[in-house]
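Chain and residue survey
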Amino acid sequence: MRCPSCRHTDTRVVDSRETDEGAAIRRRRSCASCGRRFTTVEEAQLLVVKRSGVTEPFSRAKVEAGVSRACQGRPVDGDAIAALAQRVEECVRAAGSAEVDSGEVGLAVLPPLRDLDEVAYLRFASVYRSFASVEDFESEIALLRLERAPATPPPRHAPPTTDVAPTHPRRAGQA
């Protein structure tokens, strides 16, 4: 690491600490030549592999922009979108891989967006999953309705069920 003051290459690490919940390391350094101290931040770079094969660094801003387009005109504030993008980044980084497919990033967006706003979820899913017909929308809406519907408990007054055949006090031929 070069000293920003004198450009000397011999620097010594004085202190190291994790930041951003372990996503980066902050190092305090001292230059052996001029004695000045400076701070560096080291962050593991996460790369996204696009469908075309091009690799680019992960961008939380791009996730926010895509979700913002899906939420356009919806009652969703910017803080909620930023929190969603943070969750997506944490989810993608938790996989532990240095490279991730762009499709995995899209998959990571869908569940928190569904929880945030169902209409925005449908918009995003229609582009991400390339909906081609009204039937695609209808099937996705049906899935949303199934997930939203509460499970119906059995009636309270129902008699207990048994596996034994019922017995009758009167048999055929008795009066």
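Refer to the structure presented above.
Residues numbered from 1 in each chain as written. Predicted model: local features only at pLDDT ≥ 70, side-chain atom pairs only at ≥ 80, totals over all residues. Heavy atoms only, no water.

A few words now on the environment of Glu-118. Topologically, Glu-118 is positioned in helix H4 (residues 118-128). It is 8.1 Å that separates the C-alpha atoms of Glu-118 and Leu-144, two residues lying 26 residues apart in sequence. In this structure Glu-118 touches Leu-144 and Arg-148, once residues within four positions along its chain are discounted. (Helix = DSSP H or I, 4+ residues; strand = E, 2+ residues; numbered from the N terminus. Contact = heavy atoms within 4.5 Å.)

All right, on to the sheet that holds strand S6 (residues 99-101) then. With mixed pairing, three strands are arranged side by side in an open sheet as S5-S4-S6. Two strands close off the open sheet at either side, each with one partner strand: strand S5 (55-57) and S6. For this sheet, the mean inter-axis angle between neighbouring strands, taken without regard to orientation, is 35°. Bridging between strand S4 (residues 47-49) and S5 involves three bridges; their strand directions are antiparallel. Note on S5: the bridge partner recorded for Leu-47 is Pro-57. The strands touched by helix H3 (residues 102-116) within the sheet are S4 and S6, with S6 carrying the most contacts at an inclination of about 70°. (Pairing = 2+ DSSP bridges. Axes fitted to C-alpha atoms, helices over the stretch in contact; angles between N-to-C directions.)

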